[in-house]
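Descriptive analysis of the structure
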Amino acid sequence: MAQLLRLPIKSAHVSLVGVGAEPVTTAKQKVVAIVKSRCSDYTATIECMVLPKPTAELPVVTVPGLWKIPEGIALADPTFFHSRRVDMILGAELFAELLQTGKIQLGENQPTLINSVFGWIVSGKVDPSPPVQANNAVVLTSIETLMERFFAIEDADTNNNLTIEETACENFYRETTTRHDDGKFVVRLPQKSDMINSLGESKSMATKRLLAIEKRLDKEPGTREAYTTFMKEYEELGHMSVVSKEGDGHSTAYYMPHHPVFKADSSTTKCRVVFDASAKSSSGISLNDTLMVAPTLQQEATTILIRFRTKPIALTADIAKMYRQIWVHPSDRHLQRILWRPSRDMPTQEYELNTVTYGTAAAPYLAIKSLQQTAVDHGAQFPQAAAKMSDFYVDDFISGETTVEAAKTLKREVIDMVAKAGFCLRKWASNNPNVLQGISEESLASPLLQDESEAALSTLGMIWEPNADTFRVKINISETGNTKRSILSQIARIFDPLGLLDPVKALAKQLMQKSDNHPTSYDRL
């Protein structure tokens, strides 16, 4: 019914309890609907939980309508005796105002007519021929069904019991977040109310850290060039701007130190600048200390990877500069200041970072929440893409479909949907090249290896070969010989969230146990 009426769907998590006080099901979506009567001028705006099937068909079987209904009676359901599906259940909060004065007894062992704002309701005991029996019961789920639910990936259970602070963070986002005319989100930093004015002076600390970074950059010309290029692009894109003289004297401004981080397996940005919002100000408090602890909004990477393997047509991509597509409200930008100069010969400039910043504690939450809100706002227009939002892990999209045509539709919908909020998907890859038709060459993923037959991509820490549709694990073998320390180091470094290499790791551990009596066992690795 919600889909038929095209009502905007919001996320929810409500356990519905039935007979015997046992949870019957969990509603994960809700809508707001306006209910109107066709028999009166009654209208009500209500919030409804969305379920695949609200209840069993009522009545359970069709009952012969042998009763004589008085003339002039407008029934709420003229075909009440037919067994049909129920589209909506109204809660007890409306029950009292739905009933009106009036009751008609149709006869002995016959139902009663009760007047309501929706018309006359047929209720009571019936004595049909042949007899019909309807029972309410608590169904005990079989062990087979329980095991099936346990291994179900699509509905992986998550802990939705939010703490007081997590709830406050959710409410803060909902109440303060807006969107620009171009669709991009504008967010506020979720500061704790009792710590808003607790930040001390931080400019001197940021100055010392800048001088230390400059000493390193003097010794590493390549790093300086990459660092300067990154910061220049940051400014040219409008993601940071010089602090004006009018805003220079903000008493609660916070200055973040920054440093370079290199990512060798990145096909786009090898060097990126990370901002340290955990650096303590003179009061001993950092910006991250003042931000609320946000709830976890997404599933674990292991769950997403397992689900990824269940689809024959695989599809991956990521969002370009995800954090920086979300604007921070101008009222909070003084909390995201930095000091920077391209060379020592130039004066130090003060900048404000205008977008969600990597290094602040709230950045992952603000980014993921905005992406999920995009699906809420535009899910009715892009239903297939909205249904796959759980396949996003921060900015990585790792999904799939059962057919090529379905995968093409998913690709098109997810591109168009996230674009509504200014997000751009790139680094597309698939185990079926036909799915990628229409994607520009610069938006395709660059393989880690140049050999086309073994082209591989980094996928949630794993190495995925799209052509063979297999995972690979990279292990660096020491050239100086295997020692107990080096083997232990190799075992610890293997990233294998799916447990694919457990037999190999078990063998390595067995060899370690035998190494004292058999020193040559190292060579078996």
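The structure under discussion appears in the preceding block.
Below: a short report on this structure. (Residues numbered from 1 in each chain as written. Predicted model: local features only at pLDDT ≥ 70, side-chain atom pairs only at ≥ 80, totals over all residues. Heavy atoms only, no water.)

**Describing the overall build of the protein**
Counting secondary structure elements, the protein contains 13 helices and 21 strands. Looking at the protein as a whole, 39% of its 525 residues qualify as buried. Taking the intrachain contacts of the protein between residues at least 6 apart in sequence as the baseline, contacts between residues at least 24 apart amount to 64%. If you sum the accessible surface of the protein, you get close to 30600 Å²; carbon and sulfur atoms cover 52% of it. (Helix = DSSP H or I, 4+ residues; strand = E, 2+ residues; numbered from the N terminus. Buried < 20%, exposed > 50% of the residue type's maximum accessible area, 1.4 Å probe, protein only. Contact = heavy atoms within 4.5 Å. Areas by Shrake-Rupley, 256 points an atom, 1.4 Å probe, with all protein chains shown as cover.)

**Some remarks on the packing of helix H5 (residues 203-219) against helix H6 (residues 221-236)**
Relative orientation of the contacting elements H5 and H6 amounts to 120°, with a least axis distance of 5 Å. The angle between the axes of H5 and H6 places the two elements in the oblique class. Between H5 and H6, the residues in contact are Ile 213, Glu 214, Leu 217, Asp 218 and Lys 219 and Pro 221, Thr 223, Arg 224 and Tyr 227, respectively. The class makeup of the residues in the contact of H5 with H6 is 4 nonpolar, 1 polar and 4 charged. (Axes fitted to C-alpha atoms, helices over the stretch in contact; angles between N-to-C directions. Parallel < 35°, antiparallel > 145°, perpendicular 65-115°, else oblique. Nonpolar A, V, L, I, M, F, W, Y, C, P; charged D, E, K, R; others polar.)

**Some details on unusual backbone geometry**
Leu 58 connects to Pro 59 through a cis peptide bond whose omega is -15°. Inspection of the secondary structure assignment puts Pro 59 in the loop between strand E3 (43-50) and helix H2 (92-98). The backbone of Asp 469 shows a phi angle near 55°, a positive value even though the residue is not glycine. Structurally, Asp 469 can be placed in the loop between strand E20 (462-465) and strand E21 (470-472).

**So, a nonpolar patch on the surface**
On the surface, Met 1, Leu 4 and Leu 5 cluster together into a nonpolar patch covering about 310 Å² of accessible area. Position of Leu 4 among the secondary structure elements: in helix H1 (residues 2-5). (Patch = residues over 30% accessible without salt bridge, like charges linked within 9 Å, V, L, I, M, F, W, Y side chains within 5 Å. Salt bridge = Lys/Arg side-chain N within 4 Å of Asp/Glu carboxyl O.)

**Some points on the side chain of Glu 166**
Residue position: Glu 166 is located in helix H4 (residues 164-176). Of the buried charged residues, Glu 166 lacks a salt bridge, with Lys 369 as the closest side chain of opposite charge at 12 Å. (Lys, Arg positive; Asp, Glu negative; His and termini not counted.)

**Some thoughts on the environment of Met 205**
Inspection of the secondary structure assignment puts Met 205 in helix H5. Sequence separation of Met 205 and Met 256 is 51 residues, and the distance between their C-alpha atoms is 8.7 Å.

**Focus: the nonpolar core**
The nonpolar side chains of a soluble globular protein tend to be buried with one another. Core analysis: the largest hydrophobic core is formed by 68 residues, its most contacted members being Phe 392 and Trp 428. The biggest single contributor to this core is helix H9 (residues 363-378), with 7 residues. Not counting chain neighbours up to four residues away, the residues in contact with Phe 392 comprise Gln 298, Ile 304, Ile 319, Leu 371, Phe 397, Val 414, Val 418 and Leu 425. Among the nonpolar cores identified, the runner-up in size contains 14 residues, and Ala 2, Leu 7, Ala 44 and Val 117 belong to it. (Core = buried A, V, L, I, M, F, W, Y, C linked by side-chain atoms within 4.5 Å.)

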